[in-house]
Amino acid sequence: MKRLLIAGVVLAATFAGAGPVLADPVDDTLEIDGTPIITRTAAPEGHPFDELYSGWLFRESETRDLSRDSFENPGMIAVEDGEALWNTVMGTEGKSCATCHEDAAVSMKGVGAKFPKWDADSQKPINVELQINKCLTEQMGAEALPFNKGGQQELTAYIKHQSLGLPVEMDLSQGDMQSWWEKGKDVYYTRTGQLNLACASCHETAMGKMIRADHLSQGQVNGFPTYRLKSGLTSLHQRFRGCIRDTRAEQPKAFSDDLMALETYVTWRGTGLSVETPSVRQ
Amino acid sequence: MTRRMKITLGAIAAVALSTAAIASEVSPETVEFTDDGVAVSLTGVAGDPVAGAEAFKNRRLGNCLACHANADMAGELFHGNVGPELDGVADRWEEPMLRAIVVNSKHVFTDETVMPGFYSLDAGKDVAKDFVGKTILTAQQVEDVVAYLGTLKE
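Residues numbered from 1 in each chain as written. Chains lettered and ligands numbered in written order. Predicted model: local features only at pLDDT ≥ 70, side-chain atom pairs only at ≥ 80, totals over all residues. Heavy atoms only, no water.

Looking at an unreviewed UniProt entry, one finds chain A named SoxAX cytochrome complex subunit A, with Hoeflea alexandrii as its source organism. Checking UniProt for chain A, the heading Sequence similarities (unreviewed entry) contains the comment "Belongs to the SoxA family." Turning to chain A, the UniProt record has this under Subunit (unreviewed entry): "Heterodimer of SoxA and SoxX." (UniProt positions renumbered as here; feature names shortened; annotations may be inferred.)

Rendered as structure tokens:
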């Protein structure tokens, strides 16, 4: 508490004075257990920014340090829980994920970096969570996991963690991905709620600024599920819903068309950044 | 209306009083913007700068500190910098313009501004149930905040 108070006084003094204001992403590099992580990269063509920054660059040094080391990263417990689930038989067919996919370190390497993907069956993009549900219902004779329940986040974290360090690269040429990208872009720039703010108001126009105690990042998705120090493991759609709630708008349902379109578009906005799952946040 | 008719006689006087107070309030839809801003008080009741300071910092009211640093509130934790510092803001703007900025800054800056309209129903899509048809601040809270801003001179 005392530290917080002092930090607050320092912050207030910085803002009140003419001195430089904390604004830009920090100048720091990330390696996780020896794996180099791309936290800055040139933006893809047609992107509003020239350079993309991982949300990691906007966090305090103590928080950044927790991401560097798997033993310190509290999100790694979820990854371990996900590994246990991977090897657990679920459903009536007597299968676990490992029955079909064997060693995730081999079979899942790079997989998480390429979602959302086009799903020909539903004619929609799907994310890792929905792919898990497809496997559960279509291959394993199990029930689909409800949003954020039954180990959904842990399994997602485990699968994405197998792509640690690999660049995010979606294939927009699949199926109708391009039109979902367009729809997601609409959602991104549409102002919502009583506060009348769009994603772009905070993560594009005000990127790098402080909103109260929060340093506004580009709102990148490459660290998800993330581990938030104040609330634990956080899935991407939970974060989307939280940001939308903060505009005082009704929250769309997880995995709804709007949020799948948004995930498609926002994932593209982070093309080339390394997967950091599970990245640590304040 | 039907609900009001069910209220007991004793309460009617109180209701009539508060209705009278509200009747003299300018509604969000009828606020008049001129080149000088919003010249007329929204309530006809002088703003209270002390209440205004509270509305300014309170996260559930103006939460102005989310976006604006303000040296006058150096004792408060965490000042944002999405918008400009408000030190000396009363030297830069006259009262009608300050009122206009708080009511709906989109009329003063551009439609692109990130600053919410605090006494406007011109909101975004899918406003949460609890906030439909409501402004962020009441007319009197706007007057109070404007009175407080008026004290920020250098």
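All names here are of chain A. If you walk through the whole model with that rule in mind, you get 9 aromatic pairs over all chains. Residues W181 and W268 carry aromatic rings whose centres are separated by 5.0 Å and whose planes lie at 85° to one another, so their mutual orientation is edge-to-face. In this pair, W181 is assigned in helix α8 (residues 177–189) and W268 in helix α11 (residues 257–268), connecting sequence segments 87 residues apart. Here the basic side chain of R64 rests over the ring of W56, its NZ or CZ set 5.7 Å away from the ring centre. (Phe/Tyr/Trp six-rings, centres within 6.5 Å; stacked < 30°, edge-to-face > 60°. Helix = DSSP H or I, 4+ residues; strand = E, 2+ residues; numbered from the N terminus. Lys NZ or Arg CZ within 6 Å of the ring centre and 35° of its normal.)

Okay, a negative patch on the surface next. Taken together, the side chains of E80, D81, E83, E102 and D103 of chain A define an acidic patch exposed on the protein surface. Looking at the element boundaries, D81 of chain A is found in helix α3 (residues 76–86). (Patch = residues over 30% accessible without salt bridge, like charges linked within 9 Å, V, L, I, M, F, W, Y side chains within 5 Å. Areas by Shrake-Rupley, 256 points an atom, 1.4 Å probe, with all protein chains shown as cover. Salt bridge = Lys/Arg side-chain N within 4 Å of Asp/Glu carboxyl O. Lys, Arg positive; Asp, Glu negative; His and termini not counted. Charge placed at Lys NZ, Arg CZ, Asp CG, Glu CD.)

All names here are of chain A. Looking along the chain, the bond that leaves F115 and enters P116 is cis, with omega of -5°. Mapped onto the secondary structure, P116 falls in the loop between α5 (104–107) and β5 (117–119). Following F224, the chain continues into P225 via a peptide bond in cis, with omega recorded as -15°. Turning to its location among the elements, P225 is positioned in the loop between β8 (214–215) and β9 (226–228). The phi angle at D33 is positive, at roughly 45°, despite the residue not being glycine.

Next up on the list: the domain arrangement of chain A. All names here are of chain A. Each domain of chain A was delimited in the assignment, giving domain 1 (22–72 + 166–281) and domain 2 (75–161). One C-alpha centre belongs to domain 1, the other to domain 2, and the line joining them spans 22 Å. Each partner contributes residues to the interface: domain 1 has 30 residues there, and domain 2 has 28 residues. For the pair domain 1 and domain 2, the two sides together bury roughly 2,500 Å², of which 68% comes from carbon and sulfur. For the pair domain 1 and domain 2, the number of links is 1 salt bridge. Taken together, the links from domain 1 to domain 2 amount to 8 residue pairs in polar contact (both at pLDDT 80 or more). Contributions of two or more residues to the side of domain 1 that touches domain 2 are made by α8, β10 (232–234), α10 (236–245) and α11. Looking at the side of domain 1 that touches domain 2 element by element, the count peaks at 5 residues for α11. (Domains from an automatic or database assignment. Contact = heavy atoms within 4.5 Å. Buried area = accessible area lost by both parts, 1.4 Å probe. Polar contact = N/O pair within 3.5 Å; in protein donor to acceptor, adjacent residues only side chain to side chain.)

All names here are of chain A. Applying the stated criterion across every chain, the model contains 5 cavities of 30 Å³ or more. Of the voids in this model, the largest cavity is the one considered here, and its volume is about 90 Å³. Around the largest cavity, the lining comprises 13 residues; the ones closest to its centre are G112, K160, V168, V221 and N222. When grouped by side-chain class, the residues that make up the lining of the largest cavity number 7 nonpolar, 4 polar and 2 charged. Both domains that meet at the lining of the largest cavity, namely domain 1 (22–72 + 166–281) and domain 2 (75–161), each give it at least three residues. (1 Å grid on protein atoms, 1.4 Å probe; cavity = no way out; pocket = protein on both sides within 12 Å on 5 of 7 lines; lining within 4 Å. Points joined across faces, edges and corners; volume = space filled by probe spheres on them. Nonpolar A, V, L, I, M, F, W, Y, C, P; charged D, E, K, R; others polar.)

When two helices pack together, their arrangement is given by the angle between their axes and by how far apart the axes lie. Residue and element names in this part refer to chain A. Relative to each other, α8 and α11 sit at 95°, their axes nearing to 7 Å. Relative to α11, α8 is oriented roughly perpendicular. On the side of α8, the interface is formed by M177, W180, W181, K183, G184, K185, V187, Y188 and Y189, while α11 contributes D257, D258, M260, A261, L262, T264, Y265, V266 and W268. Considered class by class, the residues forming the contact of α8 with α11 number 12 nonpolar, 2 polar and 4 charged. (Axes fitted to C-alpha atoms, helices over the stretch in contact; angles between N-to-C directions. Parallel < 35°, antiparallel > 145°, perpendicular 65-115°, else oblique.)

All names here are of chain A. In terms of nonpolar packing, the biggest core is built from 45 residues, with W86, I132, L136, F240, L262 and V266 touching the most fellow members. Among the elements of the structure, α3, α4 (97–101), α6 (128–139), α7 (152–161), α8, α10 and α11 are those that each provide at least two residues to this core. Ranked by the residues each element gives to this core, the list is headed by α11, at 7 residues. Here this core gathers at least three residues from each of two domains, domain 1 (22–72 + 166–281) and domain 2 (75–161). (Core = buried A, V, L, I, M, F, W, Y, C linked by side-chain atoms within 4.5 Å. Buried < 20%, exposed > 50% of the residue type's maximum accessible area, 1.4 Å probe, protein only.)

The figure often quoted for interface size is the accessible area lost as the parts come together. Residue-level contacts link 30 residues of chain A with 37 residues of chain B. Buried surface at the junction of chain A and chain B, both sides included, amounts to about 2,800 Å², of which 56% is carbon and sulfur. Contact with chain B buries surface across chain A, with Q194, R212 and R248 of chain A losing the most and accounting together for 30% of the total. Counting across the chain A and chain B interface gives 0 salt bridges. Counting across the interface, chain A meets chain B through 16 residue pairs in polar contact (both at pLDDT 80 or more). Those elements that provide at least two residues to the side of chain A that touches chain B are α1 (2–16), α9 (199–205) and β7 (210–211) of chain A.

Let's shift gears to the environment of D258 of chain A. All names here are of chain A. You can see D258 is positioned in helix α11. For D258 and M207, which are 51 residues apart along the polypeptide, the C-alpha to C-alpha distance reads 23 Å. Residue contacts for D258: discarding those within four places in its chain leaves K183 and V187.

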